[in-house]
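A look at the structure
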Amino acid sequence: DAMGFVVLTWLMTHEENAAAIAALVADLHEINPSTAHLSDPGAFDEADLPTSPNHTFRTTCNMAFGRFAWSVRCHDGVREAFALLHGVPAAELACSWDNPFYTPRADATTNAQATQLHWDNNHYFRGEQAPMAEELCVQGVYHAAPTSARTPSFVCCPGSHRHWRGLCEESTNPSKQGAAVLNYLPASALGADALAAHGVQPPVQIHVPERSLLLWDSRVCHGNTSPTVDATASAATSGGGFAG
């Protein structure tokens with residue numbers, strides 16, 4: 001309620017988390033048998049992995065339905081967290097979109113790429129109120145490994161969910177002006193002056209310990225950043241990202 005996000009720490013046991021990481025390695029072995037000799041998730045080369053536009057989201061080769069993704073998606077702690085927020089029994093949950101996020105090691109490409117600040121919610125679609133625009137939408141990422149200044153990490157503008165509705169009314173909101181774009185509002189379309197006028201604070205990095213679940217309201221302005229310090233010696237495996 002206050003900041004628009006929360007971190008639930010140590011959701012899995014060490015053993016459960018190790019099993020999830022082993023499941024990721026098994027997925028990669030099945031997709032690319034030439035990697036069968038690798039057991040360390042930080043030892044894979046980018047060229048050996050399922051393709052990804054930004055070397056982070058693993059969208060191809062059915063990764064969203066692999067062993068790793070299912071081990072996170074079906075974990076009791078993950079399910080109970082979403083069930084608590086939505087006020088429904090865990091057995092009644094359905095997942096709208098999910099994907100593993102995985103960066104085995106720092107390189108020039110991953111260091112140079114980031115996701116722009118945005119909202120994954122918009123009050124408008126084609127100039128009219130969007131379906132379910134006012135309903136709570138919660139996104140989350142389970143972190144099988146920790147993030148730090150040496151790894152890509154989540155960023156958000158704390159408390160910006162309280163200003164979301166007013167920002168949607170800005171004349172520069174593409175969806176308000178008729179764009180057929182549902183549930184997406186880039187901060188760049190609004191401009192820094194509008195953000196400041198509505199009281200949106202600058203983004204901060206949110207570093208998450210391993211075995212922890214980061215949850216945020218889709219009305220929070222968020223994105224991600226590349227490493228902010230030299231990360232060439234640091235390997236990073238991100239957890240399964242599951243948006244609900």
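Details of the structure are given in the entry above.
The following refers to the structure shown. Since this is a predicted model, take the numbers as computed values, not measurements. (Residues numbered from 1 in each chain as written. Predicted model: local features only at pLDDT ≥ 70, side-chain atom pairs only at ≥ 80, totals over all residues. Heavy atoms only, no water.)

This part is about the overall build of the protein. Per the secondary structure count, the protein includes seven helices and twelve strands. Expressed as a percentage of the 244 residues in the protein, the buried residues total 46%. For the protein, contacts bridging at least 24 residues in sequence account for 84% of all contacts bridging at least 6. Of the roughly 11,500 Å² of accessible surface on the protein, a fraction of 57% belongs to carbon and sulfur atoms. (Helix = DSSP H or I, 4+ residues; strand = E, 2+ residues; numbered from the N terminus. Buried < 20%, exposed > 50% of the residue type's maximum accessible area, 1.4 Å probe, protein only. Contact = heavy atoms within 4.5 Å. Areas by Shrake-Rupley, 256 points an atom, 1.4 Å probe, with all protein chains shown as cover.)

Let us now look at the pattern of salt bridges. Scanning all chains against the criterion turns up eight salt bridges. Taken together, the salt bridges that share partners define one network made up of Glu134, Arg165, Glu169 and Lys176. (Salt bridge = Lys/Arg side-chain N within 4 Å of Asp/Glu carboxyl O.)

The antiparallel open sheet is built from five strands, whose spatial order is β8-β3-β11-β7-β9. Every interior strand has two partners, whereas the edge strands, β8 (185-186) and β9 (204-206), have only one. Here three bridges tie strand β7 (residues 153-156) to β9, and the two strands are oriented antiparallel to one another. The partner of Phe154 across the bridge, within β9, is Ile206. (Pairing = 2+ DSSP bridges.)

Looking now at the packing of aromatic side chains. Under the criterion given, the structure shown has two aromatic pairs. A ring pair is formed by Phe57 and Phe101, whose centres lie 4.5 Å apart and whose planes are at 80°; its orientation type is edge-to-face. Here Phe101 lies in the loop between β2 (97-100) and α4 (108-112) and Phe57 lies in the loop between α1 (14-31) and α2 (67-73), a separation of 44 residues in the sequence. According to the relative accessible area criterion, Phe57 is partly exposed, its value standing at 26%. Classification of Phe101 by relative accessible area gives buried; the value is 15%. On the basis of an interplanar angle of 40° and a centroid distance of 4.5 Å, the ring pair of Phe154 and Trp216 is categorised as tilted. With Phe154 in strand β7 and Trp216 in strand β10 (residues 212-217), this residue pair connects regions lying 62 residues apart in the sequence. Both residues of the pair, Phe154 and Trp216, belong to the buried class. The ring centre of Trp70 lies 4.2 Å from the NZ or CZ of Arg73, which sits over that ring. When the ring centre of Trp164 is taken as reference, the NZ or CZ atom of Arg219 above it lies at 5.9 Å. (Phe/Tyr/Trp six-rings, centres within 6.5 Å; stacked < 30°, edge-to-face > 60°. Lys NZ or Arg CZ within 6 Å of the ring centre and 35° of its normal.)

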